[in-house]
Amino acid sequence: MVYDPAKKVIANIHSGWRGSINNIIEKTILTMNTRFDCNPKDMIAGIGPSLGPCCGEFLNYRTEIPEKYHKYMTGSCMFDFWAMSTDQLVEAGLKLENIESSGLCTRCQDELFYSYRRAMAGSPTENKSTGRMATVITIL
Ligand SMILES: [Zn+2]
């Protein structure tokens, strides 16, 4: 989630791993700048509950994740998308001190969250129940 208090503009970015490797964050910040004259230096960002570095396993990372993002590998096939998002926000012009991460992993904190990854783990033929999760941002 991104908020520009100077221009009173908000954005809610759903950045799954595909969005992350296509840098949807940069595209959003550029859109806020060109459409609403927002300055990234004024923006505040929060990284909500999502797949954490504890559970970000990508067994096929060589074909799925571009090499420029392999620096976010924290272990064997494990990736830190929170760090990637933080870096993408900084590279888009936000101040590091204006970025906060919830640090909440939706996969392993199953008492708090639904996780598509967790629900789909195991046999693909098994009938799985699915959940939904929403992140909401508003200006009052
Ligand atoms: Zn986790």
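Heads up: the structure comes first, above all this text.
1. Quick notes on the sheet that holds strand β1 (residues 2–4)
- Sheet architecture is open: 4 strands sit in the order β2-β1-β3-β6, paired in mixed fashion. With partners counted over all chains shown, the strands left at the sheet margins are β2 (9–11) and β6 (99–101), one partner each. When the angles between neighbouring strand axes are averaged without regard to direction, this sheet yields 10°.
- As defined by bridge partners, β1 adjoins β2 across 3 bridges and the pair is classed as antiparallel. Paired with Val-2 across the two strands is Ala-11, which belongs to β2.
- In the packing of helix α2 (residues 24–36) onto the sheet, the strands contacted are β1 and β2, and the crossing angle to β2 comes to about 155°.

2. Comments concerning unusual backbone geometry
- Even without glycine at this site, Lys-8 takes up a positive phi of about 55°.
- Phi is positive for Asp-37, close to 60°, though the residue is something other than glycine.
- The topology assignment puts Asp-37 in the loop between α2 and β3 (44–47).
- Using a relative accessible area of 53% as the deciding quantity, one classes Asp-37 as exposed.

3. Here we look at the packing of aromatic side chains
- Enumeration according to the criterion identifies 6 aromatic pairs in this entry.
- Ring centres 6.3 Å apart and planes at 45° place the aromatic pair Phe-79 and Phe-81 in the tilted group.
- Take Phe-79: its relative accessible area is 0%, and that puts it in the buried class.
- A relative accessible area of 8% places Phe-81 in the buried class.

4. Observations regarding the coordination of the zinc ion
- Every protein donor of the zinc ion is accounted for by Cys-54 (SG), Cys-55 (SG), Cys-105 (SG) and Cys-108 (SG), and the metal-donor separations fall at 2.2 to 2.4 Å.
- One can describe the donor arrangement at the zinc ion as tetrahedral, given that its 4 donor atoms subtend angles of 105 to 120° at the metal.

5. Some words on helix α4 (residues 81–91)
- Among the residues of α4, Phe-81, Trp-82, Met-84, Ser-85, Thr-86, Gln-88 and Leu-89 are the ones counted as buried.
- Packed against the buried residues of α4 are β1, α1 (17–21), α2, β3, β5 (78–79) and β6.

6. Brief notes about the side chain of Thr-86
- The residue Thr-86 is located in helix α4 in this model.
- On the basis of relative accessibility, which here comes to 19%, the residue Thr-86 falls in the buried class.
- Ignoring sequence-local partners within four residues, the contact set of Thr-86 consists of Ile-47, Leu-96 and Ile-99.

7. Topic: the environment of Leu-94
- Position of Leu-94 among the secondary structure elements: in the loop between α4 and β6.
- In sequence terms Leu-94 and Asn-60 are 34 residues apart; their C-alpha atoms lie 31 Å from each other.
- Discounting residues that sit within four places of it in the chain, Leu-94 has contacts with Ile-29, Pro-40, Met-43, Ile-44, Ala-45, Leu-89 and Ile-99.

8. Let's talk about the pairing of β3
- Across the two faces of β3 the burial differs, with Ala-45 and Ile-47 buried and Ile-44 and Gly-46 not buried at all.
- By the bridge criterion, 2 bridges tie β1 to β3 in an arrangement that is antiparallel. Paired with Val-2 across the strands is Ala-45, a residue of β3.
- Two elements, β3 and β6, share 3 bridges in a ladder whose sense is parallel. When the sheet's bridge partners are listed, Gly-46 is paired in β6 with Glu-100.

What counts and what doesn't
Residues numbered from 1 in each chain as written. Predicted model: local features only at pLDDT ≥ 70, side-chain atom pairs only at ≥ 80, totals over all residues. Heavy atoms only, no water. Pairing = 2+ DSSP bridges. Helix = DSSP H or I, 4+ residues; strand = E, 2+ residues; numbered from the N terminus. Axes fitted to C-alpha atoms, helices over the stretch in contact; angles between N-to-C directions. Contact = heavy atoms within 4.5 Å. Buried < 20%, exposed > 50% of the residue type's maximum accessible area, 1.4 Å probe, protein only. Phe/Tyr/Trp six-rings, centres within 6.5 Å; stacked < 30°, edge-to-face > 60°. Donors = N, O, S within 2.8 Å, 3.2 Å for Na, K, Ca; no water. Tetrahedral: all angles 85-135°; square planar, octahedral: opposite > 155°, others 65-115°.

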